[in-house]
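Examining the three-dimensional arrangement
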Amino acid sequence: MVKIFDVVVIGGGPGGYIASIRAAQLGLRTACIDAWSTPDGKPALGGTCTNVGCIPSKALLQSSENYEHAGHSFAEHGIQVKGLGLDLAQMLARKDKVVKQNNDGIVFLFRKNKIEFFHGCGSLVKGGADGWEIKVTGPGAAELAAKHVIVATGSSPRALPGADFDNKLILDNAGALVIPEVPKRLGVVGAGVVGLELGSVWRRLGADVTILEALPALLGAADEQIAKEASKAFAQQGLAIHTGVNITKVTVRKSVTVEYTDSAGASQSAKFDKLIVAIGRIPNTQGLNHEAVGLKLDERGFIAVDDDCRTSLPNVWAIGDVVRGPMLAHKAEEEGVAVAERIAGNHSHVDFNTVPWVIYTGPEIAWVGKTEQQLKAAGIDYRAGTFPFMANGRARALGDTTGMVKFLADARTDRILGVHIIGPMASELIAEAVVAMEFSASAEDIALICHAHPTLSEAMKEAALAVDKRALNL
Ligand code: FAD
Ligand code: NAI
């Protein structure tokens, strides 16, 4: 029997599950299909983000940071730790528990919002402006029909040519989150977000980590001043990052040998116990039956959408990692809400310029809006104000004074154009900048706001003051 809905969402990651919740809140009969399974075949809602992305990586980043602090910085606070040891199995089990709490949370939210869940692979059968037939194969096999379909199938790790993932020696993000023993020599291909975050985890736990990056510099999307500061900090921690490399061969025996040319063009070879490959992600379009129904992809293989996430097919929408734009959970969520609103006949808009970026390394890196190099390239006249955490009382009390806050404001109007942070709790501090930019605030608006003392957020106020060369504590 065909089950009929107003909206069927294919994919239960942050894009799909949030779209489902908003659609249901708006009174639409909603179903969500998701294929993710635990090793014992049970459904695990939340997609890449919950299962092998944002959540488990942050759990391990926290645990490994605690371990590093206990080993290296507690003594300065007068805390003596004797017999410090690593119980990696317990650390991984805790991470799994955090993941499960998030999986279960989504199941609860689906029940609360009366969203029907189908465990399996969803594909488009046929349809048009009047509605679509969708087939579910797998444990929750079913035939569904709906006026609207939202495709939120996410992305998968890109493999290095000639080095397929086996998740024993050559690891993708999923494999890199379950290494049972700290590898002595860990290689990482790609100094992007995954490489830096997961490279940091295993370095803190004792691995000798070497990162091989093709581009001449780290963090190409970040503000150059911040990226340079980050490179310095990572080098001091002992992360060996080689930029400008060209990997020519990967050989897998009992260990992995990577042959490459370095930035000077010299041939090099490095042997690793494990190799994480983190060179970007590719959209998940297989299994959707996109060719048969005529769902167009763009030249890079993503589902082609307009600014409102409409695909080439009537009443078929696509959101999140499977479409253009940054591969971020919160971007997927914003698009999910926006599409649900549009289906319900409401107005909605996602502004990519105010989507924040956060990299959860130590120090954390976060930004929103334009970088200094983007403003220069666009010929926009701006003023910059920076404030170092070294001059912030709370950062000194925390014992974490690396980095700075940097404001970029329009030279004529003082409107905030970009905010860049490297340092403690950058991930939380950036929210103030996002709010300010959403409200078209000027740097002076932030400078005039009372910030509690002593807080890291005072560095935001001081950097905003520095735009007008009137920082108080510098
Ligand atoms: P996904 O989360 O990939 O979910 C898609 C779901 O659809 C999956 O469950 C998949 O199994 C399912 N699916 C696919 N095809 C079908 C089908 N045909 N039928 C049914 N189901 C299907 N982003 C952040 O913002 N912050 C972070 O800290 C962060 N950390 C990350 C760490 C790592 C290691 C990685 C790899 C990524 C991280 N990301 C982070 C990125 C984030 O995970 C993604 O941007 C986000 O998950 C995208 O959400 P999505 O809903 O589009 O897709
Ligand atoms: P990425 O795009 O961030 O970085 C990939 C890196 O690999 C780039 O620096 C690239 O130049 C390099 N590279 C590509 N091919 C290479 C090769 N052959 N040899 C050496 N280097 C090569 O991709 P990553 O790290 O895989 O992450 C995927 C996405 O997941 C990110 O773009 C991000 O959107 C998301 N993510 C977000 C996080 C966050 O928000 N904190 C955390 C982790 C991932």
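About the thresholds
- Residues numbered from 1 in each chain as written.
- Chains lettered and ligands numbered in written order.
- Predicted model: local features only at pLDDT ≥ 70, side-chain atom pairs only at ≥ 80, totals over all residues.
- Heavy atoms only, no water.
- Pairing = 2+ DSSP bridges.
- Helix = DSSP H or I, 4+ residues; strand = E, 2+ residues; numbered from the N terminus.
- Axes fitted to C-alpha atoms, helices over the stretch in contact; angles between N-to-C directions.
- Contact = heavy atoms within 4.5 Å.
- Near = heavy atom within 4 Å.
- Polar contact = N/O pair within 3.5 Å; in protein donor to acceptor, adjacent residues only side chain to side chain.
- Areas by Shrake-Rupley, 256 points an atom, 1.4 Å probe, with all protein chains shown as cover.
- Nonpolar A, V, L, I, M, F, W, Y, C, P; charged D, E, K, R; others polar.
- Salt bridge = Lys/Arg side-chain N within 4 Å of Asp/Glu carboxyl O.
- Buried < 20%, exposed > 50% of the residue type's maximum accessible area, 1.4 Å probe, protein only.
- Parallel < 35°, antiparallel > 145°, perpendicular 65-115°, else oblique.
- Left-handed = near helix turned anticlockwise from the far one by under 90°.

1. Notes on the sheet that holds strand β18 (residues 357-359)
- Reading across the sheet, the five strands line up as β18-β19-β22-β21-β20 and stay open at both edges, with antiparallel pairing between neighbours. Of all the strands in the sheet, the pair left with one neighbour each is β18 and β20 (382-388). The average undirected angle you get between the axes of adjacent strands in this sheet is 10°.
- Sheet topology note: the β18/strand β19 (residues 364-369) ladder contains three bridges and is antiparallel. Opposite W357, over in β19, you have W367 as the bridge partner.
- Lying on the sheet, helix α7 (residues 224-237) is in contact with β19, β20, β21 (404-410) and β22 (416-423); it crosses β22 at an angle near 5°.

2. Let's talk about the site of ligand 2
- Around ligand 2, the structure places 21 residues, and the nearest of them are V194, E213, G280, M327 and V358.
- Here an oxygen atom of ligand 2 and a side-chain polar atom of E213 are 2.6 Å apart.
- Within the complex, 75% of the 830 Å² of free accessible area of ligand 2 lies under protein.
- Elements with a contribution of two residues or more to the shell around ligand 2: α6 (193-204) and β18.
- In terms of residue count, α6 provides more of the shell around ligand 2 than any other element does, three residues in total.
- Classifying every residue of the shell around ligand 2 by side-chain character gives 14 nonpolar, three polar and four charged.

3. Focus: the pattern of salt bridges
- The final tally for this structure, using the stated rule, is 23 salt bridges.
- Residue R204 is joined to E68 by a salt bridge in which the shortest nitrogen-to-oxygen separation is 4.0 Å. Of this pair, R204 sits in helix α6 while E68 sits in helix α3 (residues 54-72), and the two are 136 residues apart along the sequence.
- You can call R204 buried: its relative accessible area is 8%.
- A salt bridge links R383 to D468; the shortest N-O distance between them is 3.1 Å. Placement of the pair is R383 in strand β20 and D468 in the segment after α14 (458-467), with a sequence separation of 85 residues.
- Taken together, the salt bridges that share partners define one network made up of R383, D414, E444, D468 and R470.

4. A look at the pairing of strand β6 (residues 142-151)
- Burial within β6 is extensive, with eight of its 10 residues counted as buried.
- The pairing of strand β1 (residues 2-10) with β6 spans eight bridges and is classified as parallel. When the bridges of β6 are listed, V7 appears paired with H148.
- Pairing analysis gives five bridges linking strand β5 (residues 131-137) to β6, with the strands arranged antiparallel. Counterpart to I134 in the pairing with β6 is L144.
- The hairpin formed by β5 and β6 contains four residues between the paired strands, and G138 there has a positive phi angle of roughly 115°.

5. Thoughts on the packing of helix α1 (residues 14-25) against helix α4 (residues 88-112)
- Between α1 and α4, the shortest axis-to-axis distance is 10 Å and the interhelical angle comes to 25°. For the element pair α1 / α4, the angle class is roughly parallel. For the pair α1 and α4, the sense of crossing is left-handed. Of the residues in α4, those in contact with Y17, S20 and I21 of α1 are I106, L109 and F110.
- In the contact of α1 with α4, the residues fall into five nonpolar, one polar and no charged.

6. Considering the sheet that holds strand β9 (residues 185-189)
- Ordered by their spatial adjacency, five strands build an open sheet running β8-β15-β9-β10-β11, and the pairing between neighbours is parallel. The sheet is open, and its two edges are formed by β8 (170-171) and β11 (240-242), each paired on a single side.
- Summarising the sheet, strand β10 (residues 208-212) and β11 pair through three bridges and their orientation is parallel. In the strand pairing of β11, T210 is matched with A240.
- Where α6 meets the sheet, it contacts β9, β10, β11 and β15 (274-277), and its direction lies at approximately 165° from that of β10.

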